Amino acid sequence: MSEIKQSEFKEMILTRTLNAPRDLVWKAWTDPNMVSQWWGPHGFTAPLCQLDLRPGGKILIHMKDPEGGVNPMNGEYKEIVPLEKIVFSSYIAFEMDGKKPAAEILITILFADKGSQTEIQVRALPIKVDPELFPAVEGMEEGWTQTLDKLTAIFA
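Keep in mind it's a predicted model, so treat the numbers as computed, not measured.

(A) Molecular detail of the pairing of strand β8 (residues 117-129). Relative to β8, strand β2 (residues 12-18) is paired through seven bridges, and the arrangement is antiparallel. Residue pairing across strands places Arg 16 opposite Ile 120, the latter belonging to β8. As paired elements, strand β7 (residues 102-114) and β8 share 12 bridges and run antiparallel to each other. Following the sheet pairing, Phe 111 is matched in β8 by Ile 120. The turn linking β7 back onto β8 is made up of two residues, and Gly 115 within it adopts a positive phi angle of 65°.

(B) Focus on the nonpolar core. In terms of nonpolar packing, the biggest core is built from 40 residues, with Trp 29, Trp 39, Ile 61, Ile 86, Ile 120, Trp 144 and Leu 151 touching the most fellow members. With five residues, β7 is the single largest residue contributor to this core. Setting aside its immediate chain neighbours within four residues, Trp 29 contacts Val 35, Trp 38, Trp 39, Leu 51, Ile 86, Ile 109, Phe 111, Ile 120, Val 122, Trp 144, Leu 148 and Leu 151.

(C) Looking closely at the pattern of salt bridges. Going through the model one piece at a time under the given rule, you end up with seven salt bridges. Asp 113 serves as the salt-bridge partner of Arg 22, at 3.0 Å between the closest nitrogen and oxygen. Pair noted here: Arg 22 is in helix α1 (residues 22-30) and Asp 113 is in strand β7, with a separation of 91 residues, a long-range link. A salt bridge links Lys 58 to Glu 76; its shortest N-O distance comes to 3.0 Å.

Cut-off values and rules
Residues numbered from 1 in each chain as written. Predicted model: local features only at pLDDT ≥ 70, side-chain atom pairs only at ≥ 80, totals over all residues. Heavy atoms only, no water. Pairing = 2+ DSSP bridges. Helix = DSSP H or I, 4+ residues; strand = E, 2+ residues; numbered from the N terminus. Core = buried A, V, L, I, M, F, W, Y, C linked by side-chain atoms within 4.5 Å. Buried < 20%, exposed > 50% of the residue type's maximum accessible area, 1.4 Å probe, protein only. Contact = heavy atoms within 4.5 Å. Salt bridge = Lys/Arg side-chain N within 4 Å of Asp/Glu carboxyl O.

As structure tokens, this is what we get:
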């Protein structure tokens, strides 16, 4: 079976307004200590978070699920516009029956002032996905929604 191409997916777009100024919300996305406090769906932690915030720089986050399994997410930053935009490719691979299927998702985070608050928009576009991971990509919106819930709670 061949991988599923980008044209078979819709771009996921989620918007949140956070009760914090843009520089603090930016820090929440760019400081590994802050990212590790909120990254991942409910019940997940991020015990390892390494960010090299520059075009070509690497991102590595280990998400630990409630059962103790570690789900590594690595990627590469494509574009950084301080306080305005972060774009990175997210590469995800899972062990399944001795195989390691993978997915590549292009993530864009946009930051905008809304008075004393900050609006963020998270856009996620699957670029290529091995067929075994199609269900995981279909659940991406729920995972990102829960992740953004955790981020929003930091500024509540």
